[in-house]
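Structure at a glance
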Amino acid sequence: EEIEQIEGVGVILGTQHRKKIVEYVNEYLKTEKPVIKVDNVMNLKRFEDLNIDHFKNINDTFGHDKGDHVLKAVSNCIKLVSVGSADAFRWGGEEFLIIFKDTDKDKLLNKVNTLQNLIRDLNIVDNYKITASFGIIYTDIEDKNSFYSAVSKADKNLYTAKKTGRDKVVAF
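Residues numbered from 1 in each chain as written. Predicted model: local features only at pLDDT ≥ 70, side-chain atom pairs only at ≥ 80, totals over all residues. Heavy atoms only, no water.

**Describing the packing of aromatic side chains**
Summed over all chains, the structure comprises two aromatic pairs. Judged by centre distance (5.6 Å) and plane angle (75°), the rings of F62 and Y128 are edge-to-face. Of the two residues, F62 sits in helix 2 (residues 55–62) while Y128 sits in the loop between helix 4 (105–120) and strand 9 (132–140), which places them 66 residues apart along the sequence. On the basis of relative accessible area, Y128 is assigned to the buried category, the value being 17%. Ring geometry for F147 and Y148: centres 5.3 Å apart, planes at 85°, overall edge-to-face. Taking relative accessible area as the criterion, Y148 reaches 34% and is therefore assigned partly exposed. (Phe/Tyr/Trp six-rings, centres within 6.5 Å; stacked < 30°, edge-to-face > 60°. Helix = DSSP H or I, 4+ residues; strand = E, 2+ residues; numbered from the N terminus. Buried < 20%, exposed > 50% of the residue type's maximum accessible area, 1.4 Å probe, protein only.)

Structure follows, in structure tokens:
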């Protein structure tokens, strides 16, 4: 069952819901369209697609209440690493889309590694290690098509991470 939403923000999670992404893209294109170049590098957005590994198993084995606790804990981890530098959306089920602003590749990978370790350290379900897989893309955003293309590429990287063993980061 979908977690209740109020004005596009997950009640339990505190992250924006996927439905808010259209507003976000429109607002971004109005206010942050990459028109200023610095050293021939345009203002960039970095996309991270995160999926909690084996989440269905958590719900099926330990119940939906525990699953909700896991979602909330992962959401809190996301907030810790993205404060002031990113916007996070619940993309669906146990999947999150995190859009980092003005973060270079090294800082982005450091943030993702920190997030991955925070998730690994969660102790919500006894004797069950919680992990996540990550797909990352580093790209320019110029319009809605390039935005959704970036999301699609991040998603492909995420599924590569899942297919090759989970608890992995596949980037760029």
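**With respect to the nonpolar core**
One finds L50, I52, V70, V74, L115, I119 and I130 to be the most contacted residues of the largest nonpolar core, which totals 28 residues. When residues of this core are traced back to their parent elements, those giving at least two are strand 6 (44–52), helix 2, helix 3 (64–82), strand 7 (86–92), strand 8 (95–101), helix 4 and strand 9. Tallying contributions element by element places helix 3 first for this core, with seven residues. Not counting residues up to four positions away in its chain, the partners in contact with V74 are L50, I52, F96, I119 and L122. The next biggest cluster of nonpolar side chains, apart from the first, holds 13 residues, and it includes Y24, V25, A150 and A154. (Core = buried A, V, L, I, M, F, W, Y, C linked by side-chain atoms within 4.5 Å. Contact = heavy atoms within 4.5 Å.)

**Some points on the side chain of D53**
Locating D53 in the fold gives a position in the loop between strand 6 and helix 2. Among the polar contacts listed, one links the side chain of D53 to the side chain of T131, at a separation of 2.7 Å. Within the local environment of D53, its side chain forms a polar contact with the backbone nitrogen of D167, the two atoms lying 2.9 Å apart. Those residues in contact with D53 that lie beyond four places of it in its chain are T131, A132, S133, K162, R166 and D167. (Polar contact = N/O pair within 3.5 Å; in protein donor to acceptor, adjacent residues only side chain to side chain.)

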